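# Geometric and topological summary
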Amino acid sequence: MVGSGCFLLNMIVLYVGKEILHLHYMLASTLTLFIVSGVGFFLNRKLTFRAQGVQIWHELRRYYTVNIGSFAFSLSLVALLVEGLSMHYLVANVLVGLAVMAGNFWLHKNWSFGKASLTRKKT
């Protein structure tokens, strides 16, 4: 649910950046990285992975490392689809976003918020 919400927020911020603020789609995508990653970190930490404890800065660093790596990979694919195949920027972002979503979840579950880096609440 958090991932889907962040994905929707990503599309909204991207659209606003490109269509309303008239930013280049790559600049608008970069803006979404910082906004959505911040929201996603706190929602994932609290709701998805139920992380607690004092290692928040360690988790935040790992979370942003995953997101920045995923962003670089995704933006390259989006640019290929938009510039190379003349695909609409929103369609390209949806396709690439769906393609990398499972990998991001796995990395956040096992590394960003992995057992070695935090304590989880028992449910």
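A brief structural summary. In this text the structure is predicted, and so the values were computed from the model without any measurement.

## Topic: helix 2 (residues 25-48)
Structural remark: α-helix, 3.6 residues per turn; residues separated by three or four positions point the same way. Here helix 2 spans only 30 Å end to end across 24 residues, well under the 34 Å set by a 1.5 Å rise per residue. Turning to helix 2, its buried residues are Tyr-25, Ala-28, Ser-29, Thr-32, Leu-33, Val-36, Ser-37, Gly-38, Gly-40, Phe-41, Asn-44 and Arg-45. Elements that come into contact with the buried residues of helix 2 comprise helix 1 (2-20), strand 1 (51-52), helix 3 (56-85) and helix 4 (89-112). Positive backbone phi, approximately 50 degrees, marks Arg-50, located one or two places after helix 2.

## So, the side chain of His-108
You can see His-108 is positioned in helix 4. Excluding residues that lie within four positions of it along the chain, His-108 makes contacts with Phe-49, Tyr-63, Val-66, Asn-67, Phe-113 and Gly-114.

## Some remarks on the packing of aromatic side chains
Aromatic rings considered in pairs are described by the distance between their centres and by the relative angle of their planes. Scanning all chains against the criterion turns up seven aromatic pairs. Here Tyr-63 and Tyr-64 contribute two aromatic rings whose centre-to-centre distance is 6.5 Å and whose plane-to-plane angle is 75 degrees, an arrangement assigned as edge-to-face. The class for Tyr-63 is buried, based on a relative accessible area of 4%. Cluster of aromatic residues (ring-pair linked, three or more members): Phe-41, Phe-42, Phe-49, Tyr-63, Tyr-64, Phe-105 and Phe-113. Positioned above the aromatic ring of Tyr-89, the side-chain terminus of Lys-18 is 5.7 Å from the ring centre.

## Notes on the nonpolar core
Soluble, globular proteins show a tendency: their nonpolar side chains are buried together. Counting residues in each nonpolar core, the largest one holds eleven residues, listed as Met-11, Leu-14, Tyr-25, Ala-28, Val-78, Ala-79, Leu-81, Val-82, Tyr-89, Ala-92 and Val-96. Put simply, the parts of the chain that give this core at least two residues each are helix 1, helix 2, helix 3 and helix 4. Here this core gets four residues from one element, more than from any other, and that element is helix 3. Apart from the residues lying within four places of it in its own chain, the contact partners of Val-82 are Tyr-25, Met-87, His-88, Tyr-89 and Ala-92. The next biggest cluster of nonpolar side chains, apart from the first, holds seven residues, and it includes Phe-41, Ala-51, Leu-60 and Tyr-63.

## Notes on the environment of Trp-111
Here Trp-111 is to be found in helix 4. By relative accessible area, which is 34% here, Trp-111 ends up partly exposed. Taking C-alpha positions, Trp-111 is 8.3 Å from Tyr-63, a pair spaced 48 residues apart along the chain.

## As for the environment of His-22
With respect to the secondary-structure elements, His-22 resides in the loop between helix 1 and helix 2. Residue classification places His-22 among the exposed residues on the basis of a relative accessible area of 65%. For the pair His-22 and Asn-10, spaced twelve residues apart in sequence, the C-alpha to C-alpha distance is 16 Å. A polar contact of 3.5 Å, which involves the side chain of His-22, links it to the backbone oxygen of Ile-20.

Conventions we followed
- Residues numbered from 1 in each chain as written.
- Predicted model: local features only at pLDDT ≥ 70, side-chain atom pairs only at ≥ 80, totals over all residues.
- Heavy atoms only, no water.
- Helix = DSSP H or I, 4+ residues; strand = E, 2+ residues; numbered from the N terminus.
- Expected span 1.5 Å × (residues − 1).
- Buried < 20%, exposed > 50% of the residue type's maximum accessible area, 1.4 Å probe, protein only.
- Contact = heavy atoms within 4.5 Å.
- Phe/Tyr/Trp six-rings, centres within 6.5 Å; stacked < 30°, edge-to-face > 60°.
- Lys NZ or Arg CZ within 6 Å of the ring centre and 35° of its normal.
- Core = buried A, V, L, I, M, F, W, Y, C linked by side-chain atoms within 4.5 Å.
- Polar contact = N/O pair within 3.5 Å; in protein donor to acceptor, adjacent residues only side chain to side chain.

What is shown is where atoms sit, not what they do.
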